[in-house]
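# Chain and residue survey
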Amino acid sequence: MSDSTVLELRDRLKNALLMIDYRTVREVLTGDHPGMTPFQRVEYLIVPVLEQIGTGWENGEYSLSQVYMSGRICEEVVDMILPPSDPSRIRQPKMAIVTLEDYHVLGKRIVYSALRASGYELGNYGQMQASDLVRRVVADRLQILLISVLMLPSALHVKDVVGGLQEAKHPVKIIVGGAPFHFDQQLWREVGADAFGETATDAVRIVHQLMEELA
Ligand code: B12
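Residue positions are given per chain, counted from 1 along the sequence in the order it is written. Thresholds applied to this predicted model are a pLDDT of at least 70 for local features of residues and 80 or more for the giving and counting of side-chain atom pairs; totals over whole chains, interfaces and linings are not thresholded and use all residues. Side-chain measures were taken over the full set of non-hydrogen atoms in the model, leaving aside hydrogen atoms and water.

## Focus on the sheet that holds strand β3 (residues 144-148)
Pairing between two strands is assigned when DSSP locates at least 2 bridges connecting them. Here a helix means four or more residues in a row that DSSP labels H or I, a strand means two or more in a row labelled E, and each is numbered from the N terminus. Strand order across the open sheet formed by five strands is β2-β1-β3-β4-β5, with parallel pairing between neighbours. Of all strands in the sheet, those with a lone pairing partner are β2 (123-128) and β5 (195-196), marking the two edges. Pairing between strand β1 (residues 95-100) and β2: four bridges, direction parallel. Residue pairing for β2: Leu100 is matched across the bridge by Met128. Of the strands in this sheet, β1, β2 and β3 touch helix α6 (residues 130-139), which is tilted by about 160 degrees from β2. We call two residues in contact whenever any of their non-hydrogen atoms come within 4.5 Å of each other. Comment: axis = line fitted to C-alpha atoms, over the contacting stretch for helices; angle = value between 0 and 180 degrees taken between N-to-C directions. Contacts between helix α11 (residues 200-214) and the sheet are confined to β1, β3, β4 (173-177) and β5, with β4 contributing the most and set at about 170 degrees to the helix.

In structure tokens:
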């Protein structure tokens, strides 16, 4: 698919989201775009367009309700287009994904689906506070924890999770992702994570690498 077609699709998607035109959003995202997988639709269309809308809101161009409705509509369509879980599950370490002290849930949902579609089984912890998360990780004896955050204060709470798990002497590999880690490429190290992934595809790659390390 050419760059100009992708740009054109992004424009259509953005206008439709801002107009809260659910039908057109669905048409753009489920339409016949040969060579574009469901994950590419998410990563080449939804992620950059929601980012543009977020920046537009920051600059006073769009209202918070437009940002909110865009997020909600995308959540619904993502559920429709992402593939179901792969029936041939991979033998793997115990893992789960969580949104830490944050209400931005779309990224987590996509990473969760990407891992399940690639054959991994993992728990979905929903949204949690750091102290509850530490208790749950220990109780469930997790070996890999994926944390999604979209706000800087939430990203800084990863430190509390890392500290709490060290105190509990529970070894677990922590993979983080989300906007604050894109904005500051050193942040994941500063909060004590073991890895950072930019996209859902990265998450699958990193889990695969960690599995080899843990084997
Ligand atoms: C949609 C949106 C919302 C929606 C959320 C709807 C929902 N149900 O999720 C609503 C309107 C509710 C919202 C609210 C707020 N928001 Co908001 N929001 C956004 C926006 C525009 C897009 C986020 C999104 O869904 N993107 C699409 C998803 C698919 O992308 P993603 O989450 O990045 O995930 C991808 C990757 O990051 C990666 N990934 C994600 N998680 C993980 C995890 C792992 C382990 C790995 C490997 C990879 C990975 O893979 C995903 C797929 O590729 C962003 C802008 C931005 N730049 O991100 C602002 C943004 C995140 N919001 C922001 C803010 C400030 C807020 C509010 C505080 C606004 C307010 N004043 O009320 C509230 C706070 C809510 C809260 N307490 O959590 C700021 C955060 C700034 C900061 N530095 O902290 C941003 C960056 C906007 C901005 N430019 O200022 N928001």
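## What to know about the site of the ligand
Around the ligand sit 36 residues, and of these Glu58, Glu75, Tyr103, His104 and Ser148 come closest. Any pair of nitrogen or oxygen atoms within 3.5 Å is treated as a polar contact; in protein, a donor-acceptor pairing is required on top of that, and neighbouring residues in sequence qualify only through side-chain atoms on both sides. Contacts to the ligand include Asp102, whose side-chain N or O atom sits 3.1 Å from an oxygen atom. Contacts to the ligand include Tyr103, whose backbone N or O atom sits 2.5 Å from an oxygen atom. For the shell around the ligand, the elements supplying multiple residues, two or more each, are α3 (38-58), α4 (64-81), α5 (106-117), β3, β4, α9 (179-183) and α11. If a single non-hydrogen atom of a residue is within 4 Å of a molecule or strand, that residue counts as near it.

## Quick look at the coordination of the cobalt atom of the ligand
With water excluded from the atoms, a metal site may look incomplete; its donors are any N, O or S atoms within 2.8 Å, or within 3.2 Å for Na, K and Ca. Among protein residues, the single donor to the cobalt atom of the ligand is His104 (NE2), with a metal-donor distance of 2.2 Å. Looking at the secondary structure, you find His104 in the loop between β1 and α5.

## What about the packing of aromatic side chains?
Here the aromatic set is Phe, Tyr and Trp, taking the six-membered ring for Trp, and pairing holds for ring centres within 6.5 Å; pairs whose planes are under 30 degrees apart are stacked, those over 60 apart are edge-to-face, and all others are tilted. As enumerated under the stated definition, the model contains one aromatic pair in all. A ring pair is formed by Phe181 and Phe196, whose centres lie 6.1 Å apart and whose planes are at 40 degrees; its orientation type is tilted. On the criterion of sequence distance, the pair formed by Phe181 in helix α9 and Phe196 in strand β5 is long-range, its members being 15 residues apart. Buried, partly exposed and exposed residues are distinguished by accessible area as a fraction of the type maximum, computed with a 1.4 Å probe on protein chains only: under 20%, between the cut-offs, and over 50%, respectively. Here Phe181 falls in the buried class, since its relative accessible area comes to 0%. On the basis of relative accessibility, which here comes to 13%, the residue Phe196 falls in the buried class.

## Looking at the nonpolar core
Nonpolar side chains in soluble globular proteins tend to end up buried together. Note on terminology: a nonpolar core comprises buried Ala, Val, Leu, Ile, Met, Phe, Trp, Tyr and Cys residues joined through side-chain atoms within 4.5 Å. Counting residues in each nonpolar core, the largest one holds 45 residues, and the members touching the most others are Leu13, Leu17, Val25, Leu115, Leu146, Ile175 and Val207. Contributing elements (two or more residues each) for this core: α1 (3-18), α2 (22-30), α3, α4, β1, α5, β3 and α11. Taken domain by domain, this core gets at least three of its residues from each of domain 1 (3-81) and domain 2 (95-214). In this structure, Val25 is in contact with Leu13, Ala16, Leu17, Ile73 and Val77, ignoring residues within four places of it in sequence. Membership of the second largest hydrophobic core comes to 27 residues, among which are Val98, Met128, Leu187 and Val191. Per the annotation, domain bounds derive from an automatic or database assignment of domains.

## Observations regarding the domain arrangement of the chain
Segmenting the chain into domains produces domain 1 (3-81) and domain 2 (95-214). Taking only C-alpha atoms, the centre of domain 1 and the centre of domain 2 are 25 Å apart. On the domain 2 side, the residues contacting the nine residues of domain 1 number 10 residues. Carbon and sulfur atoms supply 68% of the area buried between domain 1 and domain 2, which totals about 770 Å² over both sides. The interface formed by domain 1 and domain 2 holds two residue pairs in polar contact (both at pLDDT 80 or more) in total. As used here, buried area is the combined drop in accessible area, with a 1.4 Å probe, of two parts when they are placed together.

## Remarks on the packing of α3 against α4
Closest axis-to-axis distance for the α3/α4 pair is 10 Å, and the angle between their directions is 175 degrees. Relative to α4, the element α3 is oriented roughly antiparallel. Between α3 and α4, the contacting residues are Pro38, Arg41, Val42, Ile46, Leu50, Ile53 and Trp57 on the first element and Leu64, Val67, Ser70, Gly71, Cys74, Val78 and Ile81 on the second. Here the term charged refers only to Asp, Glu, Lys and Arg, the term nonpolar to Ala, Val, Leu, Ile, Met, Phe, Trp, Tyr, Cys and Pro, and the term polar to all other amino acids, Gly among them. Per-class residue counts for the contact of α3 with α4 are 11 nonpolar, two polar and one charged. Roughly parallel means an angle under 35 degrees; roughly antiparallel, over 145; roughly perpendicular, 65 to 115; everything else is oblique.

## Brief notes about the pattern of salt bridges
One side-chain nitrogen of Lys or Arg within 4 Å of one carboxyl oxygen of Asp or Glu is enough to make a salt bridge. Applying the stated rule across the entire model yields six salt bridges. For Arg205, the salt bridge identified is with Asp202, shortest N-O distance 3.4 Å. Highlighted residues: Arg205 and Asp202, both in helix α11, separated by three residues, approximately one helical turn. Classification of Arg205 by relative accessible area gives partly exposed; the value is 41%. Residue class for Asp202 comes out buried when judged on its relative accessible area of 17%.

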